[in-house]
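Residue-level listing of the chains:
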Amino acid sequence: MSNRIRLALQKSGRLSEDSFDLLARSGIKIRRHRDQLFCHSENFPIDVLLVRDDDIPALIMEQVCDFGIVGLNVLQEASLAQNAQDFTDRVDMIHKLNFGFCRLSVAVPRDFEYKSVNDLAHKSIATTYPHLLQNFLDKENIQAKSIGLTGSIEIAPRLGIADAICDLVSTGGTLEANHLKEVQTILHSQALLIKAKPALDRDKQKTADLFIRRIQGVLLASESKYIMLHAPKDKLKQIVAILPGVEHPTLMTLEGDPDKIGVHAVCGESVFWETLEALKEAGASSILVMPVEKMMM
Ligand code: ATP
Ligand code: ZN
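Residues numbered from 1 in each chain as written. Chains lettered and ligands numbered in written order. Predicted model: local features only at pLDDT ≥ 70, side-chain atom pairs only at ≥ 80, totals over all residues. Heavy atoms only, no water.

Draft legend 1. Inspection of the coordination of the zinc ion (ligand 2) at higher detail. For the zinc ion (ligand 2), the full set of protein donor atoms is D53 (OD) and D54 (OD), and the range of their distances to it is 2.0 to 2.1 Å. Around the zinc ion (ligand 2), the four donor atoms are arranged such that angles at the metal cover 75 to 170°; this shape is classified as irregular. Its relative accessible area of 42% is what places D54 among the partly exposed residues. (Donors = N, O, S within 2.8 Å, 3.2 Å for Na, K, Ca; no water. Tetrahedral: all angles 85-135°; square planar, octahedral: opposite > 155°, others 65-115°. Buried < 20%, exposed > 50% of the residue type's maximum accessible area, 1.4 Å probe, protein only.)

Draft legend 2. How the structure looks around the domain arrangement of the chain. Partitioning the chain into structural domains gives domain 1 (5-99 + 191-221), domain 2 (102-188) and domain 3 (224-291). For domain 2 and domain 3, the distance between their C-alpha centroids amounts to 48 Å. (Domains from an automatic or database assignment.)

Draft legend 3. Up close: the packing of aromatic side chains. Counted under the stated rule, the structure contains three aromatic pairs. Geometrically, the ring pair formed by F44 and F211 is tilted, given 6.4 Å between the ring centres and 55° between the ring planes. One end of the pair, F44, is in the loop between β2 (38-40) and β3 (46-51); the other, F211, is in helix α7 (residues 202-223), and 167 residues separate them in sequence. When the centroid spacing of 6.4 Å and the interplanar angle of 45° are considered together, the rings of F112 and Y114 count as tilted. Put simply, the rings of F44, F67 and F211 pair up and form one aromatic cluster. (Phe/Tyr/Trp six-rings, centres within 6.5 Å; stacked < 30°, edge-to-face > 60°. Helix = DSSP H or I, 4+ residues; strand = E, 2+ residues; numbered from the N terminus.)

Draft legend 4. Structural view of the sheet that holds β3. Reading across the sheet, the six strands line up as β2-β3-β1-β4-β11-β5 and stay open at both edges, with mixed pairing between neighbours. In this open sheet, the two edge strands, each paired with only one partner strand, are β2 and β5 (91-96). Within this sheet the neighbouring strands show an average axis-to-axis angle of 30°, counted without direction. Where β2 and β3 come together, three bridges link them in antiparallel fashion. Opposite F38, over in β3, you have L49 as the bridge partner. Each of β4 (67-71), β5 and β11 (191-196) touches helix α3 (residues 72-81); the most contacted strand, β4, lies at about 100° to it. Along the sheet, α7 contacts β1 (5-10), β3, β4, β5 and β11; its crossing angle with β1, the most-contacted strand, is approximately 45°. (Pairing = 2+ DSSP bridges. Axes fitted to C-alpha atoms, helices over the stretch in contact; angles between N-to-C directions. Contact = heavy atoms within 4.5 Å.)

Listed below in structure tokens is the structure:
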């Protein structure tokens, strides 16, 4: 019985580099070969299947792969296209991964006078996400015609194929270049780690648990900062209250300075310049903020 688990990743596209980078930061070495469908790790019992992102939900549903990395947009579209209960019985969302950020939005030509979602009534909307679009229109009680296209959605209005589009946007540059304006966001998306729900056999489950812990450790570390500072004793409470996401700081006496205390803490949230300025204002000195490389709770 093998303990190797199988992970589905996008072969080439917007999620590929960040997905491989996440594995590397988790200490999982994968050697990639061009045009290869499969690659293996030599230092972790995991095999990687490289596919189109749209195929990943089905590969997890059918248990061809144990894990996958895919955008929420693709996952929700797949879920709406199936029996939703069946989908949630078979696919588990494990973690948001903090990359692949985009939104699914409705955009209209610049000269379209758009005031509210009601202006979409009886219009035709081109999209590659017919189920997410229909779901949105149903919730808003709007009757509109969805036109399924597989690519180049943004030129549909100019070609006279549709009045509006519903597509993924990150910076808005593509819309701008095609004389379109974003008027309505349907979904905020990012990459997710998903897992087949049915139980694995014991050895694979051990690998799966280890894999999830590694990924969680990397995400936790990348969001965290280690902060050190000196605080006047009488300002200690006030200063600790400013530290973002800190519950139990370590306090130390400072040799030769009985009026101050050394404070060390892991901040679970971003530490901005404004936070440092507020600490300084409250009386803190010698403030140091450092990245956290690895973390295990
Ligand atoms: P494939 O050949 O794998 O089907 P694709 O053309 O469907 O590729 P990409 O454009 O590489 O897919 O996008 C993959 C995912 O990246 C999207 O489903 C989405 O979750 C995310 N993404 C992030 N930013 C954007 C963006 N600006 N436009 C499109 N997708 C984005
Ligand atoms: Zn795709």
